[in-house]
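Listed here are the chains, written in short residue letters.
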Amino acid sequence: MITLTDSFFKSDIDDRITTLEQVLGWYRAGNNKMYKVFTERASYTESLENCEKKGARLAVDGIIEAAIRRDLFDRLIKPSGYKTYVGLDDRAIEGTFVWLNGKPLIAGEVEWGSGEPNNGGGRGQDCASIYHSDLIFDDAECQNKLNFICEISP
Ligand SMILES: [Ca+2]
Ligand SMILES: [Ca+2]
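Read on for a plain summary of the structure.

## Here we look at the overall build of the chain
And step 1. When helices and strands are tallied, the chain shows five helices and eight strands.
And step 2. Each helix and strand of the chain, placed in order from N terminus to C terminus, yields the pattern α-α-β-β-α-β-α-α-β-β-β-β-β.
And step 3. A compact globule built from 154 residues should have a C-alpha radius of gyration of about 15 Å, and the chain, at 15 Å, falls within 12% of that.
And step 4. Principal axes of the C-alpha set define a box for the chain whose edges measure 50 × 30 × 25 Å.
And step 5. Put simply, 67% of the contacts in the chain that link residues at least 6 apart link residues at least 24 apart.

Printed below as a string of structure tokens:
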């Protein structure tokens, strides 16, 4: 795994974008942020850490924006073939989903699967994921090992 270093972030933005796109395989979305789905499945906490190690974060902005979300789903999440974590959870207050940027999820902002979020019927499911089959969300048990999508502002 290639980890982005301080020197990378000090280099010219065009060089950074070229490196991310052409060397590291990140996708530049319409919001000018870059995305990559990682398939070394990880828990939610590990996914947060893995994105941070890459100088990124678990995806938020491109997931909130519906058109970008659709693009990211079609290009990255669906082909990855597995449920994928995004930066949204209700770990702090049960039933109150908050994006990693601190903004609360607005009702109707994303489409949940039928009956979701269900908190696992009381077992405790606090970490949001997107199915690879359809662009719908499910709250998963945070220790589940899923794919994850990172977001970086080059
Ligand atoms: Ca929950
Ligand atoms: Ca669920």
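Next comes the rest of the account.
## Remarks on the pairing of strand E8 (residues 146-152)
And step 1. Taken across its seven residues, E8 has seven buried, putting it largely inside the fold.
And step 2. With six bridges connecting them, strand E2 (residues 34-42) and E8 associate as antiparallel partners. Bridge assignment links Val37 to a residue of E8, and that residue is Ile149.
And step 3. Bridge count for strand E3 (residues 57-58) against E8 is two bridges, and the pairing is antiparallel. Bridge pairing in E8 places Arg57 opposite Glu151.
And step 4. Sheet analysis places strand E4 (residues 84-89) next to E8, joined by two bridges and oriented parallel. Each residue of the ladder has a partner; that of Thr84, found in E8, is Asn147.

## Examining the nonpolar core
And step 1. Judged by nonpolar contacts, the single largest core of 34 residues is most densely connected at Tyr35, Leu58, Val86, Ile149 and Cys150.
And step 2. Elements with a minimum of two residues in this core: E2, helix H3 (44-53), helix H4 (61-64), helix H5 (66-80), E4, strand E6 (127-130), strand E7 (137-140) and E8.
And step 3. Here this core takes five residues from E8, the largest share from any one element.
And step 4. Leaving out residues up to four positions away in the same chain, Ile149 has contacts with Tyr35, Val37, Ala59, Leu72, Leu76, Ile77, Thr84 and Val86.

## Concerning H5
And step 1. Over its 15 residues, H5 extends 20 Å from the first C-alpha to the last, a length consistent with the 21 Å expected when each residue adds 1.5 Å.
And step 2. Along H5, the helix axis deviates most sharply at Phe73, where the bend reaches about 45°.
And step 3. Residues of H5 that are buried make contact with strand E1 (27-28), E2, H4, E4, E6 and E8.
And step 4. Just downstream of H5 lies Gly81, where phi reads positive at about 75°.

## Points about the pairing of E6
And step 1. Burial of the side chains of E6 extends over both faces: Cys127 and Ser129 are buried on one face and Ala128 and Ile130 on the other.
And step 2. Note that E4 and E6 share three bridges and pair antiparallel. Looking at the pairing, Tyr85 lines up with Ser129 of E6.
And step 3. Here E6 runs beside E7; their pairing, made up of four bridges, is antiparallel. When the bridges of E7 are listed, Cys127 appears paired with Ala140.

## Here we look at H3
And step 1. Along H3, the residues that are buried comprise Tyr44, Ser47, Leu48 and Cys51. Axial view of H3: buried residues confined to an arc of 100°, hence all on one face. Along H3, the residues that are exposed and aim more than 90 degrees away from the buried face are Thr45 and Lys53.
And step 2. Where the residues of H3 are buried, they touch E2, E3, E4, E6 and E8.
And step 3. Looking one or two places after H3, you find Gly55, whose phi comes out positive at around 75°.

What counts, and at which threshold
- Residues numbered from 1 in each chain as written.
- Chains lettered and ligands numbered in written order.
- Predicted model: local features only at pLDDT ≥ 70, side-chain atom pairs only at ≥ 80, totals over all residues.
- Helix = DSSP H or I, 4+ residues; strand = E, 2+ residues; numbered from the N terminus.
- Rg over C-alpha atoms; globule rule 2.2 N^0.38 Å.
- Contact = placed C-beta atoms within 7 Å.
- Buried ≥ 20, exposed ≤ 12 C-beta atoms within 10 Å, placed from the backbone.
- Pairing = 2+ DSSP bridges.
- Core = buried A, V, L, I, M, F, W, Y, C linked by C-beta atoms within 7 Å.
- Expected span 1.5 Å × (residues − 1).
- Bend = angle between axes of the 7 residues up to and from the residue.
- Arc of directions from axis to C-beta.

Scope: geometric values only; no functional claims are made or implied.
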